[in-house]
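Residue-level structure breakdown
Single-letter residue listing:
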Amino acid sequence: MPIFGPDGEVEAVAGTTRDVTDRKAAEDFLRESDRRKDEFLALLAHELRNPLAPLRNGLQVVRMSQDQSVRERSQEMMERQLGHMVRLVDDLLDISRVSRNKMDLRMSRIVLSEVIRSAVETARPAIDAAGHHLDVALPREAVYLNADLIRLAQVFSNLLTNSAKYTERGGRIQIAAKTQDGMVSILVQDNGIGIPANSLKTIFDMFSQVDRSIERATGGLGIGLALVKGLVEMHGGTVEAHSPGPGRGSTFTVRLPIMERMPESTLARPTATEERPQVVIRRILVVDDNRDGAESLAEMLRLLGHDVEIAHDGIEGVRKAEEYRPEIVLMDVGMPRLNGLDATRRIREQLWGRFLTIIALTGWGQDADRALSKAAGCDGHLVKPVNLTELAKILKEPVKQGFHNANK
Ligand code: ADP
């Protein structure tokens, strides 16, 4: 059979043209992704830098002012700005986990009202600061979900915070839920700036923003809605955006499968409730190569009344643990010379080291990371930045049996 007949030639030419077109499309795609990446980096730098100026000013005010109320106001402002920065960085880490399928959900039977309560609590400062009015309308009957309470609350706090951001001062925001055919629909509605019809389709894409000008009034990286969509889908649900057009408000509808009714006793208790830290005095060794991180944590623990020593790498950590004989070691994981996990192993090899409580302190909080620290001999695993309530809970727990006698 001839390979190149007249028809074959036509086909070959068509194939070459298709190749060229495909290559051109691929190049355009790469160029466009590259442009979006550059734009995103500029935006990221801008958004991360924004809170730094008020933080620096706040520090100067605290240093210079003798007036207690001025100092307190300044501290509150710094906490707010720092919180904003922590949220940005957390969102970035979360979206990268969702897109690499590395996000672990802690599913349990939870009640929808708990999710909404927690989300409202998070979004409340933004809503109040903009003078908006918020209505919450939930079904009278409890709605049960098989979900990760914290992650689902993050979905609704993101949507509520967006409503607060994209609505003129003094607006109305509503969050309402209704059940139908084994599903619950939760609507987050505002009377804000609305969304143009041509943006509705892309709004859940990563880095998608209707107004990408760097001068726009509201901060953000354009990843909040991508995160919302990823998290909702991981819960077996869907999310849609509706808007009658610019200036006419927006509605985001999240649909989730409902679980059958369960007795109260099997419900997960909310984990986010703040407890008043109750202090038992402890001897604590903080091991961290980040000097400011170690100093500030130690200072905080001392203010709570504890006795604290510091080490700056794994080797020094093992030596100080032997000399100082702490009850608790807060061990950073990534450190030069000897990392925290190896330092923990060395401590555990010693007779005096078997009864210490060692808590890994790290930026990595996936199940696999927790398994690694457990395997190295850690008794707990806290993710930085450390939540003071969580830490206080650990410090309150009884030290290991026989610790005092075995060590002294
Ligand atoms: P960010 O708010 O950081 O820009 P998001 O992913 O949360 O990123 O939102 C993407 C874009 O969707 C926003 O930039 C904004 O243009 C638009 N948007 C989100 N929520 C609303 C809302 N409630 N009303 C109007 N526009 C919104």
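A short tour of the structure in this document, coming up.

Considering the overall build of the chain
- When its secondary structure is counted, the chain shows 13 helices and 12 strands.
- Pairs at least 24 residues apart make up 69% of the contacts formed inside the chain by residues separated by at least 6 positions.
- Accessible surface, the chain as shown: approximately 23400 Å² in total, 53% of it carbon and sulfur.

Description of the layout of surface pockets
- Quantified by volume, the second largest pocket comes out at close to 310 Å³.
- Along its surface, the second largest pocket is lined by L55, Q75, M78, E79, L82 and S296.
- Sort the elements by how many residues they give to the lining of the second largest pocket and helix α3 (residues 68-99) lands first, with 4 residues.

Considerations on helix α8 (residues 291-303)
- Taking 1.5 Å as the rise per residue, α8 with 13 residues should run 18 Å; its terminal C-alpha atoms sit 18 Å apart, in good agreement.
- Inspection of α8 places A294, L297, A298 and L301 among the buried residues, and these make up the whole buried set. Taken down its axis, α8 places every buried residue within 100° of arc, on the same side. Those residues of α8 that are exposed and aimed more than 90 degrees away from the buried face are D292 and L303.

Re the environment of G222
- Position of G222 relative to the elements: it lies in the loop between α6 (197-200) and α7 (224-234).
- Note: C-alpha distance between G222 and D211 (11 residues apart in sequence) is 9.9 Å.

Here's the deal with the sheet that holds strand β11 (residues 357-362)
- Ordered in space as β9-β8-β10-β11-β12, the 5 strands form an open sheet in which the pairing is parallel. Both outer strands of the open sheet, β9 (307-311) and β12 (380-383), are each paired with one neighbouring strand and no more. Neighbour-to-neighbour, the strand axes of this sheet turn through a mean angle of 20°, independent of strand direction.
- Both β11 and β12 contribute to a ladder of 4 bridges, which runs parallel. The residue bridging T362 from the neighbouring strand is V383, located in β12.
- Here helix α10 (residues 340-349) sits on the sheet in contact with β10 (328-332) and β11, set at roughly 150° to β10.

A few points about the nonpolar core
- Ranked by internal contacts, the top residues of the largest apolar core, which has 49 residues, are L145, V155, F156, L159, L160 and I186.
- Those residues in contact with F156, other than ones at most four positions away along the chain, are V115, I116, A119, I175, I186, V188 and V254.

Some points on the site of the ligand
- Taken together, 20 residues are adjacent to the ligand, and N162, K165, Y166, Q209 and L225 come closest.
- One nitrogen or oxygen atom from the side chain of N162 is found 2.9 Å from an oxygen atom belonging to the ligand.
- Between Y166 and the ligand, the recorded distance is 2.7 Å, taken from a side-chain N or O atom to an oxygen atom.
- Burial of the ligand by the surrounding chains reaches 96%, relative to a free accessible area of 530 Å².
- Mapped onto the shell around the ligand, the elements with two or more residues apiece are α5 (149-165), α7 and β7 (250-257).

Observations regarding α7
- With 8 of 11 residues buried, α7 is to be regarded as a mostly interior element.
- When we look at burial in α7, the residues that qualify are G224, L225, A226, L227, V228, G230, L231 and V232.
- Where α7 is buried, its residues contact α3, α5, β6 (238-242) and β7.
- G236 sits one or two positions beyond α7 and adopts a positive phi of about 75°.

Brief notes about the sheet that holds strand β5 (residues 183-190)
- Here 5 strands make up an open sheet; going across it, the order is β2-β4-β5-β7-β6 and the pairing mixed. Strands with a single pairing partner mark the edges of an open sheet, and in this sheet they are β2 (133-137) and β6. The mean angle between the axes of side-by-side strands here comes to 15°, regardless of whether they run parallel or antiparallel.
- In this sheet, β7 lies alongside β5 in antiparallel orientation, the contact comprising 8 bridges. Bridge pairing in β7 places V188 opposite F252.

Quick word on the packing of helix α9 (residues 314-324) against α10
- Where α9 meets α10, the closest approach of the two axes is 9 Å, and the angle between their N-to-C directions is 25°. Looking at the two axes, α9 sits roughly parallel to α10. Helix-helix and strand crossings are classified by hand; for α9 and α10 the assignment is right-handed. Residue-level contacts link G314, V318 and A321 of α9 to A343, R346 and I347 of α10.
- A class-by-class count of the residues in the contact of α9 with α10 yields 4 nonpolar, 1 polar and 1 charged.

Here is what the cut-offs are and how they apply
Residues numbered from 1 in each chain as written. Predicted model: local features only at pLDDT ≥ 70, side-chain atom pairs only at ≥ 80, totals over all residues. Heavy atoms only, no water. Helix = DSSP H or I, 4+ residues; strand = E, 2+ residues; numbered from the N terminus. Contact = heavy atoms within 4.5 Å. Areas by Shrake-Rupley, 256 points an atom, 1.4 Å probe, with all protein chains shown as cover. 1 Å grid on protein atoms, 1.4 Å probe; cavity = no way out; pocket = protein on both sides within 12 Å on 5 of 7 lines; lining within 4 Å. Points joined across faces, edges and corners; volume = space filled by probe spheres on them. Expected span 1.5 Å × (residues − 1). Buried < 20%, exposed > 50% of the residue type's maximum accessible area, 1.4 Å probe, protein only. Arc of directions from axis to C-beta. Pairing = 2+ DSSP bridges. Axes fitted to C-alpha atoms, helices over the stretch in contact; angles between N-to-C directions. Core = buried A, V, L, I, M, F, W, Y, C linked by side-chain atoms within 4.5 Å. Near = heavy atom within 4 Å. Polar contact = N/O pair within 3.5 Å; in protein donor to acceptor, adjacent residues only side chain to side chain. Parallel < 35°, antiparallel > 145°, perpendicular 65-115°, else oblique. Left-handed = near helix turned anticlockwise from the far one by under 90°. Nonpolar A, V, L, I, M, F, W, Y, C, P; charged D, E, K, R; others polar.

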